[in-house]
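Given next are the chains, with one letter for each unit.
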Amino acid sequence: MPYGYYGYYHYYYDPTYLLVLIGAVICIAASIWVNSAMKKYNGIQNARGMTGAEAAQRILMDAGIYDVRVECLQKGAGDHYDPRSKTVRLSYENYHYPTVTAVAVAAHECGHAKQHQENYAPLSIRSAMVPVVNIASKLGIPLIFIGIILSWNQVLIQLGIWAFLIAVLFQLVTLPVEFNASSRAMNAIERSGLLGLQEQQGARKVLTAAAMTYVAAAASSVLQLLRLVLLYGGGGSNRRRD
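Residues numbered from 1 in each chain as written. Predicted model: local features only at pLDDT ≥ 70, side-chain atom pairs only at ≥ 80, totals over all residues. Heavy atoms only, no water.

Engineer: Honestly, the layout of surface pockets in this entry has me stumped. Any pointers?
Structural biologist: Any empty space left between atoms is shown by rolling a water-sized probe over those atoms. Taken as a whole, the largest pocket encloses approximately 780 Å³ of empty space. Considering the residues around the largest pocket, the lining is formed by 31 residues, among which Asp79, His80, Glu109, Glu178 and Tyr214 are closest to the centre. When residues in the lining of the largest pocket are grouped by element, the largest group, six residues, is from helix α8 (residues 197-232). Among the residues making up the lining of the largest pocket, the classes are represented as 13 nonpolar, twelve polar and six charged. (1 Å grid on protein atoms, 1.4 Å probe; cavity = no way out; pocket = protein on both sides within 12 Å on 5 of 7 lines; lining within 4 Å. Points joined across faces, edges and corners; volume = space filled by probe spheres on them. Helix = DSSP H or I, 4+ residues; strand = E, 2+ residues; numbered from the N terminus. Nonpolar A, V, L, I, M, F, W, Y, C, P; charged D, E, K, R; others polar.)

Structure, rendered in structure tokens:
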């Protein structure tokens, strides 16, 4: 093999791409899992004929929460709880349709409302991190890229890695928030009798699958951070040369 060809191959071959590949596979698997669970239980109407909106109102009333609104989003928009306006926002389908998925998702978002009411520590920490994370998540990779262009400027590269680390920490803090909201959701569903026993099993599968997407995203980000540290975290010693 000619030296020139070998040198070209050696320069571009990067074994750390395996970390990116593993992260992508994890995220794809989690996405397939949650989409499968959502689709399956979107097609199953709950025995009480209760829509997501009705379930949310019932759960909030049972919890003694009267200052949280339940709103319907346009088709295609994602379900979430907005702590700034104290609003549970449900997708068009989950707001209007009486499915197992709709009740499970509504209960989960109400779980966030309960966390907010009780000043649940991980939620408070995540909320406090949002302004910083919004900036850090946009600057991490660009700073590293600019640092490489500017003759491997280690100040910019290290700042980029730290910015990416902040975004990863945010995802890790998100995990207990989401798992706790799902636990609260199941407790509310069981206590209020919103779903039958078999329907509760379906709701649990939906919530578990949804939670795994956050785990997958966090794992993928940790692997990406590890790759950045391996490539650029060692300062000048990791600089690629011909």
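Having put the structure on the table, let's press on.
Engineer: Any chance you could explain the state of the cysteines here in plain terms?
Structural biologist: By definition, a disulfide links the sulfur atoms of two cysteines through a covalent bond. Summed over all chains, the structure comprises zero disulfides. Residue Cys72 stays outside any disulfide, its sulfur separated by 15 Å from that of Cys110, the closest cysteine. (Disulfide = S-S within 2.5 Å.)

Engineer: How do you make sense of the nonpolar core when you look at a structure like this?
Structural biologist: Note that soluble globular proteins tend to have their nonpolar side chains buried in a common cluster. Counting 28 residues, the largest nonpolar core has Leu60, Val68, Val88, Ile189, Leu194 and Ala203 as the members making the most contacts within it. If you list the elements that add at least two residues to this core, you get α3 (52-62), β3 (87-90), α5 (100-117), α7 (154-192) and α8. For Leu194, the residues in contact, after removing those within four places along its chain, are Arg48, Met50, Ala55, Arg58, Ile59, Val103 and Ile189. With ten residues, the next largest nonpolar core counts Ile144, Phe164, Val168 and Tyr232 among its residues. (Core = buried A, V, L, I, M, F, W, Y, C linked by side-chain atoms within 4.5 Å. Buried < 20%, exposed > 50% of the residue type's maximum accessible area, 1.4 Å probe, protein only. Contact = heavy atoms within 4.5 Å.)

Engineer: Please clarify how the pattern of salt bridges should be interpreted in this entry.
Structural biologist: Close approach of charged atoms allows side chains of opposite charge to pair. Taken as a whole and judged by the stated rule, the model has nine salt bridges. The residue Arg89 makes a salt bridge to Glu71 at a minimum N-O spacing of 3.2 Å. In this pair, Arg89 is assigned in strand β3 and Glu71 in strand β1 (residues 69-72), connecting sequence segments 18 residues apart. The network of salt bridges with shared partners includes Arg69, Glu71, Asp82, Arg84 and Arg89. (Salt bridge = Lys/Arg side-chain N within 4 Å of Asp/Glu carboxyl O.)

Engineer: What is the right way to look at a nonpolar patch on the surface in this model?
Structural biologist: Together, Leu18, Leu21, Ile22, Val25 and Ile26 give the surface a local cluster of nonpolar side chains, amounting to about 420 Å² of exposed area. As for its position among the elements, Leu18 is in helix α2 (residues 17-42). (Patch = residues over 30% accessible without salt bridge, like charges linked within 9 Å, V, L, I, M, F, W, Y side chains within 5 Å. Areas by Shrake-Rupley, 256 points an atom, 1.4 Å probe, with all protein chains shown as cover.)

Engineer: For this particular structure, what's the right way to read the side chain of Thr101?
Structural biologist: When you line up the elements, Thr101 lands in helix α5. In this view, Thr101 contacts Ala37, Met38, Tyr41, Asn42, Asn94 and Val206; residues no more than four positions away in its chain are not counted.

Engineer: Got a minute to help me understand the packing of helix α6 (residues 121-149) against α7 in this structure?
Structural biologist: To describe two helices that pack against each other, one gives the angle between their axes and the distance between the axes. Contact geometry of α6 with α7 gives a least axis separation of 6 Å together with a crossing angle of 150°. In terms of their interaxial angle, α6 and α7 are classed as roughly antiparallel. For α6 against α7, the interelement crossing comes out left-handed. Of the residues assigned to the contact of α6 with α7, the class counts are 26 nonpolar, five polar and two charged. (Axes fitted to C-alpha atoms, helices over the stretch in contact; angles between N-to-C directions. Parallel < 35°, antiparallel > 145°, perpendicular 65-115°, else oblique. Left-handed = near helix turned anticlockwise from the far one by under 90°.)

Engineer: Help me understand the pairing of β3 in this model?
Structural biologist: Consecutive side chains along a regular strand alternate between the two faces of the sheet. Burial along β3 is two-sided: the residues Thr87 and Arg89 and Val88 and Leu90 are all buried. Pairing of β1 with β3, which is carried by four bridges, proceeds in the parallel orientation. Within the sheet, the bridge partner assigned to Val70 lies in β3 and is Val88. Across three bridges, strand β2 (residues 80-82) lies against β3 in antiparallel orientation. (Pairing = 2+ DSSP bridges.)

Engineer: Just checking my understanding: could you explain the sheet that holds β3 for this structure?
Structural biologist: Sheet strands pair via backbone hydrogen bonds, and the direction of the pair is either parallel or antiparallel. Read across the open sheet, the three strands follow the order β1-β3-β2; overall the sheet is mixed. The open sheet is flanked by β1 and β2, the only strands paired with a single partner. Along the sheet, successive strands turn relative to each other by an average axial angle of 25°, direction set aside. Along the sheet, α3 makes contact with β1 and β3, crossing β1 at roughly 170°.

Engineer: Teacher, can you tell me more about unusual backbone geometry here?
Structural biologist: A negative phi angle is the norm for most residues apart from glycine, just as the trans form is the norm for most peptide bonds. A positive phi is found at Asn119, a non-glycine position, where the angle reads about 55°. Considering the arrangement of structural elements, one finds Asn119 in the loop between α5 and α6. Despite not being glycine, Trp152 shows a phi value in the positive range, around 55°. Structurally, the position occupied by Trp152 is in the loop between α6 and α7.

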